Amino acid sequence: MASLFKSIPDYLEKQLQLDPAQKNIISFGLEVLYSGLLSIGLTLLLAYLFGVFREVFWLMLFSAAPKGFAGGAHCSSPGRCAFLTATSFIFLGKLALYGSK
């Protein structure tokens, strides 16, 4: 999947005659898209498997707005980011589930 997101900017560069700066913008946007989809998918899959899908879904929904403005340091790869996101939300989901009883 990652190789697909790397070949798209090359294709667009040739077809649209983009300069290097424009190609880098497209590459970065696709990397952010890939990382986000990977994190969301892994998190919801694990939430379902651990029986906390509803709790994690709501946690993710309400944390989406502040996360968009957060910035700062991130994990060194999309896979690590997805893993850290998934494990954090599963922990918070379990905490919410047990705290509500």
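Calculation notes
Along each chain, residue indices are assigned from 1 in the same order as the chain's sequence is written. Local features are withheld for residues below a pLDDT of 70 in this predicted model, meaning they are given only at 70 or higher, and side-chain atom pairs are given and counted only at 80 or more; totals for whole chains, interfaces and linings count all residues. Only hydrogens and water are set aside when side-chain values are computed; all heavy atoms of the structure are taken into account. Segments assigned H or I by DSSP are reported as helices when at least four residues long, segments assigned E as strands when at least two residues long, and all are numbered from the N terminus. Think of it in three bands: with a 1.4 Å probe and only protein chains considered, a residue is buried below 20% of the maximum accessible area for its type, exposed above 50%, and partly exposed in between. All accessible areas in this document rest on Shrake-Rupley with a 1.4 Å probe, and a residue is counted as covered only by the protein chains that are shown. By this rule, a helix spans an expected 1.5 Å times one less than how many residues it contains. By construction, the arc corresponds to the directions joining the helix axis to the C-beta atoms. Convention adopted: a line fitted to C-alpha atoms gives each axis, helices being fitted over their contacting stretch, and angles between N-to-C directions are expressed from 0 to 180 degrees. Should the near helix be turned anticlockwise from the far one by less than a right angle, the crossing is termed left-handed; should it be turned clockwise, right-handed. Every residue pair with non-hydrogen atoms within 4.5 Å of one another is taken to be in contact. The nonpolar core is taken to be a set of buried Ala, Val, Leu, Ile, Met, Phe, Trp, Tyr and Cys residues, with the residues joined through side-chain atoms within 4.5 Å. Planes of paired rings set the category: under 30 degrees apart is stacked, over 60 is edge-to-face and the rest tilted, where pairs are Phe, Tyr or Trp rings (Trp by its six-membered ring) whose centres lie within 6.5 Å.

**Looking at the overall build of the protein chain**
- Secondary structure summary: the protein chain contains four helices and zero strands in total.
- Order of helices (α) and strands (β) in the protein chain, N terminus to C terminus: α-α-α-α.
- Residue burial in the protein chain is summarised as follows: out of 101 residues, 21% are buried.
- If you sum the accessible surface of the protein chain, you get close to 7,400 Å²; carbon and sulfur atoms cover 70% of it.

**Side note on helix H4 (residues 78-99)**
- Spanning 22 residues, H4 covers 31 Å between terminal C-alpha atoms, matching the ideal 32 Å at 1.5 Å per step.
- For H4, the complete set of buried residues consists of Cys81, Ala82, Thr85, Ala86, Phe89, Ile90, Gly93 and Leu97. The buried residues of H4 all sit within an arc of 155 degrees when viewed along its axis, so they share a single face. In H4, the exposed residues that point more than 90 degrees away from the buried face are Arg80, Phe83, Phe91, Leu95, Tyr98 and Gly99.

**A few points about the packing of helix H2 (residues 20-49) against H4**
- Axis separation between H2 and H4 bottoms out at 8 Å; the angle between their running directions is 35 degrees. Of the two possible hands of crossing, H2 and H4 adopt the one that is right-handed. Contact residues: Tyr34, Ser35, Leu38, Ser39, Leu42, Thr43, Leu46 and Ala47 in H2; Pro78, Gly79, Cys81, Ala82, Phe83, Thr85, Ala86, Phe89 and Ile90 in H4.

**Focus: the nonpolar core**
- Among the nonpolar cores identified, the biggest contains seven residues, and these are Ala47, Val52, Val56, Met60, Phe89, Ile90 and Leu97.
- Contributions of two or more residues to this core are made by helix H3 (53-70) and H4.
- The residues contacting Val56, other than those within four sequence positions of it, are Thr43, Ala47, Phe89, Ile90 and Gly93.

**Digging into the packing of aromatic side chains**
- Evaluated as defined, the whole model comprises three aromatic pairs.
- Taken together, a centroid distance of 5.9 Å and an interplanar angle of 25 degrees make the contact between Trp58 and Phe62 stacked. In this pair, Trp58 and Phe62 are both assigned in helix H3, four residues apart and thus about one turn of the helix distant.
- Of the residues examined, Trp58 reaches a relative accessible area of 43% and is grouped as partly exposed.

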